[in-house]
Each structure stands twice: as structure tokens, then as C-alpha cells.
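Letter by letter, the chains look like this.
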Amino acid sequence: MNTPKQHLIIIGNGMVGHHLVEQLIERGATTRYAITVFGEERHRAYDRVHLSEYFTGRDADALALSDVDWYAANGIELRLSEAVTAIDRDAGEVVTTKGRTPYDRLVLATGSYPFVPPIPGSDRPGCLVYRTLDDLDAIRAAAESASTGVVVGGGLLGLEAANALRGLTLETAVVEFAPRLMPMQVDGEGGELLREKIEALGVQVHTDRATQHIEDGVDASHRMVFQDDKVLEADLIVFSAGIRPRDELARDSALEMGERGGVVIDDRCLTSDPAILAIGEVALWNNSIFGLVAPGYRMAKVAADTLLGGEGESFRGADMSTKLKLLGVDVGAIGDAHGDRTPGARVFRYLDQLKQQYRKLVVSSDGRRLVGAMLVGDNSVYDTLLQYYSNGLDLPEDPASLILPSSEGAPTLGPDALPETATICSCHNVTKGNICASIDGGAGDLAAIKGETKASTGCGGCTALLKSVVEHELESRGVEVDRSICEHFAHTRQALYDIVRVEGIKTFSELMEVHGNPETHRLGCDICKPAVASILASCFNEPITDAAHIPLQDTNDTFMANMQKNGTYSVVPRVPGGEITPEKLVVLGQVAQKYGLYTKVTGGQRIDLFGARLEDLPDIWSELLDAGFETGHAYAKSLRTVKSCVGSTWCRYGVQDSVGMAIRLEHRYKGLRSPHKLKFGVSGCTRECAEAQGKDIGVIATEHGWNLYVCGNGGMRPRHAELFATDLDDERLVQLIDRFLMFYVRTADRLQRTSVWRENLEGGLDYLKEVVIDDRLGIGEALERQMQRVVDTYQCEWANAIDDPEKLKRFRSFVNDSRPDPDIIVTEERGQLRPA
């Protein structure tokens, strides 16, 4: 006889509730339960971790965690826009806005709500919260008639909200009750640095401010009056001052509650009613509520096991270490970051005010264990520190070496040093042991391991570590790791480069014919085509717009301009070394005015013109070329800029002509295609106004010549450049840069920055010096000749295209219609046009 299914109700369709459904489906729970999910929002479960991306082009469907029909296809009833208003425990029913539904088992996954302090006037129109997609729609609508905005709350969510207001082009301020921003994550020094970096972005920061009431403003809609009678006016106020558990259903149904809220659960996620479980931010375990996704996911796994009668892993709490990027600023906190929970803790601090980086290490009293860490401005060492903390690894003899700038003596922590219990993916609680078990069970590549363990499918922060562990474990088992560039070529990028050079292959079709995988189609893919295009350009420097090469290019290279979010393009002429004549400045202004382009002076000392329509690009560039400009390669994986200070020409501290050297280097390397974009900096003295030590190639003047730094970069993973050679004359400097760059082009992987290439280079910086400076391999002259060939064959790609009517045919929005794209809509802001 068939056993009738029990009724399982899940209240809440957030990230944690959705993950529970995934776990139940994966374990075959639909054969045992008829599952109904109630969500009071109109949207199906979406990614709240990346909620702010809703303001940068992603919509509800893009953020959704499942397809529209996923629930129904798996036998789950999803009832959206239907709030549960009560739980009738005696009848075993839930009461909703549309009726009553019986249950045998019930899971509370109701999450939390944004806390709004009890401030008189906080309920005024235009005082909003930042939590759901509907909240963001309300903020966007209010921002249309606002010019200033204030966020109440300087924690994680508050700074995310501030970034959203800033993205909506409002003058933005943050008001925090505590004496510093993010008081739970950072200390006084870290908070001060965080404040400086955020204020540098144009966001006002008001700390140690308690709002007494909100009233009508004089110059704006609202006036906030603080405890010291100081005031701040704004058109829009967003409250993001923390969260509170959505526990009213549990409270009203007399479940056991925490003193400060939250429904009490045990290690199996059971409440005081054995028929009811609770997970996520509504659940109180051991007097703690966990406001991160990873602990919620762990609860969901335990709850699924409990519902199916298993006796698997219990919930034992969770590490609240976090790695964040707020308003573009890195912030990391691990364990006892403040050092106030560990008796006898020892603290190491490193502060670089020039680079605006702060690192703090908290170790046990005997110096053997890492118990906490704090990072502001640079999270590059976060993953390493987290592994030391999570796995109780012995610290190096000098713990401070873990947070000091990179040096050859700094300790490294490879995959082999991690124990089986090391957590690789915190979102899905995947350990190194889980990965090893997956490999031993037959998973033979990264994709298979991701599919089986779900590692790196959450926030994605563990991707690099996961890849390193997987490759190490495969190789340790005697498995040859396939590092082929893609399915079409059984070769790495480096091998393809050597093949092209040695055999003189000049087209993709010839390379595919001779060395491609015969079992695949002959057209290639979006991985191998741009990589081969870059190799061909590096070796032979033929125009990328030639008929044989144009099918290989991505959109930006095809049209020699960066596509922007609204389908228009940027125009970026080269301004070598940042030096430009008044006459050329006038031309840029005239072109921008004529074609309605947004104008921006960049950090790389160029002037970018945004909003060019595809069909206007040839005309714009014709005018720029006539004025003496040439392409700035802003769309290419090649040299972007050489930033410079004014040097000895103007500055009283300058000891060398940094502008002249910057211009020389930019003209020399402007045609070099490389695995990744390249940026240079040339400073006229050690005061470093050109920020050369944060570039791929950094040059700093000394009294005796030039010091050369290599392999630095900004971006998502900043890295300090390393001193490579000292007191070089002009010719020796150029010679070493020639060799260094061409060796990088020859040996780096696709889309690999110089910093990552250097980190993966066997032998490290010493080996690089032996090859480039000492010419240990005897290839120095060959590298120089190859670079000289690139220099000698340079031609401006836009000049080449303008002179060819066939190439110009591509520059139209529609193949069969000469009209411009009607979907490009702009609006005016601060006297310039931007995407609507």
C-alpha cells in the first residue's frame, strides 16, 4: 500500500528557504512530503548578497535563484504574494491571507526585517529601508526627484545602501551612532582608514551621531536633528541600522523565544515544538543569531536531514568571518578581530597610509595560533589568514610576515599544507576532505567537482583556492591535469604561442587545421578565438580589423571601443604620459560637444568620451585623427596608459624627467598585445606621485637613474609591485622592460595579470631576474628583437580602419537599416548626458 505523503510547509522564500528546498529535492524528499512554500514577496527567491546590482542593470530574473518553472518541475508548490499571518499549532494549520493550509511539519525561514530606530519623524514620506527588491524600486522612484540622500547606519548594509544612493547620482552621506564605521568588524585605526577611503569617494561620513528627530527641511525635504543640535538635510533617508528576526509568527504561537528575539532552536534546528523547525536569521542558536548566508545554508542542510529522519551533522554554530568590498573598499574580519575575547592575545599591526592599507593580526598568547585578523583596503591575504585561523595551523616563526608587504621570505600556504577539515567554500560548507572524496569518487575535473559539491557556486570568493586544491589533489593522485585552453585545442596558451612563433602560422583557420581538435567544430569559441587573436597580434602585429582576424575579436576589439551599459561606446584617444596641448584639449571638447558625449578625466591621465553611437564612431575618429590623436587601446588587452608626475621639468623635488620617460615608454609599447591589460607609472622622485608601485611596470627616478618595479596592480586584488633593478640609465631601463614584457607575453596564461603570472612563476622573482637581467636562458637578444619588431610595425588601428571602406561597413546598428538604435535613451546630469 502507498503511504500517504506528509504535508511540509516552508514559510519564507529567501535564500535560506530556497536552499532548504534544494537540499530536500536533492535528497528525494518529494517522495515523502507534499511540499508547499509560502513567500510574501511577489518575486521568487533571489540573491540578496548581490542585491545592490539591481541598480547596475540586473533585474529580478537575473538575480533569481531558479527558473520560473523550477519549483513546479520538481513537484513543489510555490505560493508567492501570500503571507502567512498565523500558525494554529493545535489544528496543525497555517493561516494565510488567502485561507488555511494543513501541515505535518513546518519550517520557519522568515528571515529578518530592517530595524528602524524609534526616531520621531522616521515614518515620513521619503524615509525608506533597504532590504527587498520592492524597497529598491521605492528608493529608485524617490531618487528621481531627489538630489541628496542619507543612510542611517554605517555597518555592512548601510554602506551597501550608500553605494546604491551614490550610484543613483545622489549626494550621499552616512550617519552612524557608533564612533566609527562598521564597529563590529573594524577597530579605531581601521575605522579611520575606512572613513578616509569612503570620504575620498565623495560620501560624507558622520559618526558618533544620534538622530533625535526628523522634521521638515529648509533646502531639502527632511532635516535630521542630532543630539548636539547639529543638523543634516536630505531629500531621501534610507534606514539600514541593522536587522531584527521576523519572529512574530513564532511568538504569537507561543514557541520558545530568546530574550531579545529569535525563535530558539537546538542542534537539529528544532524549536520547542518538535513539528516545527527554524533556520536562517529568525533562528536563535546558543543565544546567537547568524546574519550571514553561509550559516543559514548550513542550517538548511541540518534541517533537511532532520526532516528525513537522519542523524547527520548537527548545527554547531558558524564562523562569522567576512570578506567584503564596500563602495569599492576591501574590508575583512576573521575570528576575534578586536582581540578582546582571547586572554593574553598578542597583536601585530601594519599601516600604510600612502596606499591606505591596514592589517591587524591577533595571535594566541604563545604566538602559535591565529585567533583573529582585520583588513582594510586590501583583502589579498584574507584567504591565507582564514586557513590559518579555521584549521588551527602553526604560525610561522615571525607571525608579522603574514601581513607585511610581499617579500621573497614571506611564508606561503599551499594546498598540501591544508588539513582535510579545511573549509574551502564557506557558503556550502565544502571542505578539502569533501573535494578529495569527490575526486576519489570519480570526479575528474573542476566542473565535475563544482557540480557534485556546489563549491564556488555561492558568492564565488573561493574560486581561485578551489582550483588550486583540485589541481593539486588530481596531480598528487597521478592524474594529468588538463590545462588545455579549451576543447578546440589540446594546448595551453603558452604552447599555442610557441606553435605560432615557430611555425609562422598567421591565421586562426590555419592553426585550427594543423593543431585543432578534429572532433570539434572548426569555428572555435569565445575562449580560444580572442586568445589566438592576441597571440597573432603579439607575434606579427597585423591589423586586428583585417578580414582574417576580425571574426576572432570580441565586441570591444571588433569596434575598437568599449561597449557601455546602454549599448553606446567609449572613445579614448591616447594621451602619452598625460601630456596634452591646449589645441588638442579644444578638439576633444569640440568633438564631445558635437556628438553629445559624456567627458571624464580618468585616473590614468586620459580623457574618456562616453556615449558614442556605433554609427558615429568612424566620424568621431576621423576628426580626432585629423587633430593628431591615435587610438588609446582602452578596449584591448594591451598597454593602456603610462601615468606620470611632472618630474624635474616643473617640480622642485623631481630628480629626473618623468614626463619625457613616460612618453617614450608609452610610444614604444603602445602596440603590444598581451595576455592582460598593462599599466605603467613613472615618478620623478621617491614621493611617488604617479603611484608607480601599483602598476605592472613602475619606474621611479633616483639621483643615479631609474629604479624599476614590476608585477603590481590595482583592481579587485591589489598587489604591491616589487623592486626589480636599481639605478638604471635610460637605455638599460628600456632593454629590461623589453625583455620583461616579451617574456611575460610568451609565457603567461590567457587573461593572466603580471602579478598572478609572477606568483605562479616557479623560482619567483629571483628566477625572473636571472632570465631578464642576467640572461640565464640566453634569450635576451631574441626578446629584444621581437619587441623591436612590434615597435617597428605599429600602426593606429583606427587609422587603418578609416582608410578601408569595407571595414567601415561594420559600424551600423542594423544590417538592413541605416537608422541609429532607437533603444538608446539618455538623460542629463550635472550638465552632461548619461544612460537613462
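A few points on the structure. (Residues numbered from 1 in each chain as written. Predicted model: local features only at pLDDT ≥ 70, side-chain atom pairs only at ≥ 80, totals over all residues. Heavy atoms only, no water.)

## Focus: the packing of helix 1 (residues 15–26) against helix 8 (residues 293–307)
Piece 1. Their axes nearest at 8 Å, the elements helix 1 and helix 8 cross at an angle of 40 degrees. Taken as axis vectors, helix 1 and helix 8 run oblique relative to one another. Judged by the sense of rotation from one axis to the other, the crossing of helix 1 with helix 8 is right-handed. Here helix 1 contributes Met15, Val16, His19, Leu20, Gln23 and Leu24 to the contact with helix 8, which in turn contributes Val293, Gly296, Tyr297, Ala300, Lys301, Ala303, Ala304 and Leu307.
Piece 2. Split into classes, the residues belonging to the contact of helix 1 with helix 8 amount to 10 nonpolar, 3 polar and 1 charged. (Axes fitted to C-alpha atoms, helices over the stretch in contact; angles between N-to-C directions. Helix = DSSP H or I, 4+ residues; strand = E, 2+ residues; numbered from the N terminus. Parallel < 35°, antiparallel > 145°, perpendicular 65-115°, else oblique. Left-handed = near helix turned anticlockwise from the far one by under 90°. Contact = heavy atoms within 4.5 Å. Nonpolar A, V, L, I, M, F, W, Y, C, P; charged D, E, K, R; others polar.)

## Focus: the sheet that holds strand 30 (residues 607–612)
Strands pair in a sheet through their backbones, by hydrogen bonds, and they do so in one of two ways: parallel or antiparallel.
Piece 1. Across the sheet, which stays open at both edges, the 3 strands sit in the order 28-30-29 with antiparallel pairing between neighbours. Lying at the two open borders of the sheet, with one neighbouring strand each, are strand 28 (569–571) and strand 29 (598–601). On average, each strand axis in the sheet is inclined to that of its neighbour by 25 degrees, with strand direction left out of account.
Piece 2. Packed onto the sheet, helix 17 (residues 582–595) meets strand 29 and strand 30 and runs at close to 15 degrees relative to strand 30. (Pairing = 2+ DSSP bridges.)

## As for the sheet that holds strand 3 (residues 77–80)
Piece 1. The strand order 3-2-1-7-19 describes an open sheet built from 5 strands, whose pairing is parallel. Both edges of this open sheet fall to strand 3 and strand 19 (276–278), since each of them pairs with a single strand only. For this sheet, the mean inter-axis angle between neighbouring strands, taken without regard to orientation, is 15 degrees.
Piece 2. Summarising the sheet, strand 7 (residues 105–108) and strand 19 pair through 3 bridges and their orientation is parallel. Directly across from Leu106, in strand 19, lies its bridge partner Ile276.

## What to know about the packing of aromatic side chains
Between two aromatic rings, the relevant description is the distance of the centres plus the angle of the planes.
Piece 1. If you walk through the whole model with that rule in mind, you get 15 aromatic pairs.
Piece 2. Seen in terms of ring centroids, Phe559 and Tyr569 are 5.7 Å apart; in terms of plane orientation they differ by 70 degrees. Their pairing is edge-to-face. With Phe559 in helix 16 (residues 555–559) and Tyr569 in strand 28, this residue pair connects regions lying 10 residues apart in the sequence.
Piece 3. Here Tyr569 falls in the buried class, since its relative accessible area comes to 3%.
Piece 4. An aromatic cluster is defined as three or more aromatic residues linked by ring pairs; in this entry it consists of Phe559, Tyr569, Trp621, Trp798 and Phe811.
Piece 5. Arg140 extends its terminal NZ or CZ atom over the ring of Tyr54, reaching a point 5.1 Å from the ring centre.
Piece 6. The side chain of Lys584 reaches across the aromatic face of Phe629, ending 5.1 Å from its centre. (Phe/Tyr/Trp six-rings, centres within 6.5 Å; stacked < 30°, edge-to-face > 60°. Buried < 20%, exposed > 50% of the residue type's maximum accessible area, 1.4 Å probe, protein only. Lys NZ or Arg CZ within 6 Å of the ring centre and 35° of its normal.)

Everything listed is a geometric property; what it means functionally is a separate question.
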